[in-house]
Amino acid sequence: MQKVYITETCLSCGIEFGITKERQEQLRKNHKKYYCPNGHNQWYTGEHEAEKLSRQLEAERAQSARLSRMADYQRKQAESYKGHLTRLKNKMERQEND
Ligand SMILES: [Zn+2]
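Residues numbered from 1 in each chain as written. Predicted model: local features only at pLDDT ≥ 70, side-chain atom pairs only at ≥ 80, totals over all residues.

**Student:** Is there a simple way to think about the overall build of the chain in this case?
**Tutor:** In terms of regular secondary structure, the chain is built from 2 helices and 4 strands. Going from the N terminus to the C terminus, the chain shows its helices and strands as β-β-α-β-β-α. Seen through its principal axes, the chain has C-alpha atoms that stretch 100 × 25 × 20 Å. Within the span of the chain, comprising 98 residues, buried residues form 0% of the whole. Look at the contacts in the chain between residues 6 or more apart in sequence, and 17% of them connect residues 24 or more apart. (Helix = DSSP H or I, 4+ residues; strand = E, 2+ residues; numbered from the N terminus. Buried ≥ 20, exposed ≤ 12 C-beta atoms within 10 Å, placed from the backbone. Contact = placed C-beta atoms within 7 Å.)

Structural data, given as structure tokens:
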């Protein structure tokens, strides 16, 4: 029986290497680590792990949106303080000129 090779790309160094289809199926099922020809760890994440990662990503996106809203709010506050300060300065200068 002829072996079918599948080309994999190392996530660390980008090297392309072939593994047999059987080996890939095994690895997909057991999520065991294997190595690229340069010795970098590789493994297939299971469905469960992929879901976990995507939830994590979602949470991080929400967090970053929150932070960006907070930064926005603080920028607006700073602008409003600056405006307030400018008005006060103008008022003081007017009073000095009076
Ligand atoms: Zn590698």
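**Student:** Sorry if this is basic, but what is going on with the domain arrangement of the chain here?
**Tutor:** The parts lose accessible area when they come together, and the size of an interface is often stated as this lost area. You can read the domains of the chain as domain 1 (5-42) and domain 2 (49-98). For domain 1 and domain 2, the distance between their C-alpha centres works out to 47 Å. (Domains from an automatic or database assignment.)

**Student:** Is there a simple way to think about the pairing of strand 2 (residues 16-20) in this case?
**Tutor:** Within a regular beta strand, the side chains point alternately toward one face of the sheet and then the other, so they alternate between its two faces. As judged from the 5 bridges shared by strand 1 (residues 5-9) and strand 2, these two strands associate in the antiparallel manner. Each residue of the ladder has a partner; that of Glu8, found in strand 2, is Phe17. Between the antiparallel neighbours strand 1 and strand 2 lie 6 residues, among them Gly14 with a positive phi of about 80 degrees. (Pairing = 2+ DSSP bridges.)

**Student:** Where do I start with the confidence of the model for the chain in this structure?
**Tutor:** Close inspection of predicted coordinates is inappropriate in any region flagged by low pLDDT. When pLDDT is averaged along the chain, the result is 90; 97% of the residues meet or exceed 70. The weakest mean pLDDT in the chain belongs to helix 2 (residues 47-97) at 90; the strongest belongs to strand 2 at 95. (pLDDT = per-residue confidence, 0-100.)

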